[in-house]
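Chain by chain, the residues:
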Amino acid sequence: HHVHPTLLERPQPTLYQGPTLTRDDIIVVTPTATHRHSLVYTTRATWRNGIRTLVASNGTQADAVHIHGPETALEGNKLLQAFKDGVEPSQEEEEYVYSMQAEKAKETWTTYQDEISRWAYTPGDRRMLAAVRLANETFWEEGYSWMLFG
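Residues numbered from 1 in each chain as written. Predicted model: local features only at pLDDT ≥ 70, side-chain atom pairs only at ≥ 80, totals over all residues. Heavy atoms only, no water.

Judged by pairing direction, the sheet is parallel, and its four strands sit side by side in the order 3-2-1-4 without closing on themselves. Two strands lie at the open edges of the sheet, namely strand 3 (107–111) and strand 4 (146–149), each paired on one side alone. Between one strand axis and the next, the sheet turns by 20° as a mean value, whatever way the strands run. Summarising the sheet, strand 1 (residues 26–31) and strand 4 pair through four bridges and their orientation is parallel. Directly across from isoleucine 27, in strand 4, lies its bridge partner methionine 147. Packed on one face of the sheet, helix 2 (residues 37–45) meets strand 1, strand 2 (52–57) and strand 3 and runs near 170° to strand 3. Across the sheet, helix 6 (residues 125–139) lies against strand 1, strand 2, strand 3 and strand 4, angled at about 145° from strand 2, the strand it touches most. (Pairing = 2+ DSSP bridges. Helix = DSSP H or I, 4+ residues; strand = E, 2+ residues; numbered from the N terminus. Axes fitted to C-alpha atoms, helices over the stretch in contact; angles between N-to-C directions. Contact = heavy atoms within 4.5 Å.)

Shown next, in the form of structure tokens:
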């Protein structure tokens, strides 16, 4: 097979020539719900580690554990082990542990309740739209170059 000569004449795309980007130039916006918190934890432990992230959910991390069971929390989590051992941690203990994990992962968690209206056909529609605005308000002062959504 031969390549048509006009294809070889096309200009080649120019690679990005700007300043080197770092993880501090990126923010992640993750609209989610309590039944999907395990996905947030998984991305926290992998590619999203150390990237500033806004998580907009219909409940707190502790809510997800109580609603869906301790397996929604990270393995190795002190609270997960307490649940497995049959010990019910206090709400203050839960909130403290989760907030420390989130802070270490550069996550900001916010609660935006489900709403179905004439402008939102599924429960998380409004939360998804609000998440971008909330992230911008949260990270505007520190600045960012790229926003990853999803």
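On to the nonpolar core, then. In terms of nonpolar packing, the biggest core is built from nine residues, these being Ile27, Val29, Leu54, Ala56, Ala130, Ala131, Leu134, Ala135 and Phe139. Among the secondary structure elements, those contributing two or more residues to this core are strand 1, strand 2 and helix 6. In terms of residue count, helix 6 provides more of this core than any other element does, five residues in total. (Core = buried A, V, L, I, M, F, W, Y, C linked by side-chain atoms within 4.5 Å. Buried < 20%, exposed > 50% of the residue type's maximum accessible area, 1.4 Å probe, protein only.)

Charged atoms that come close allow side chains of opposite charge to pair. What the rule picks out here adds up to five salt bridges. Note that lysine 106 is salt-bridged to aspartate 24, the shortest N-O span being 3.5 Å. Of this pair, lysine 106 sits in the loop between helix 5 (91–104) and strand 3 while aspartate 24 sits in the loop between helix 1 (5–9) and strand 1, and the two are 82 residues apart along the sequence. Accessibility expressed as a relative area gives 37% for lysine 106, which makes it partly exposed. (Salt bridge = Lys/Arg side-chain N within 4 Å of Asp/Glu carboxyl O.)

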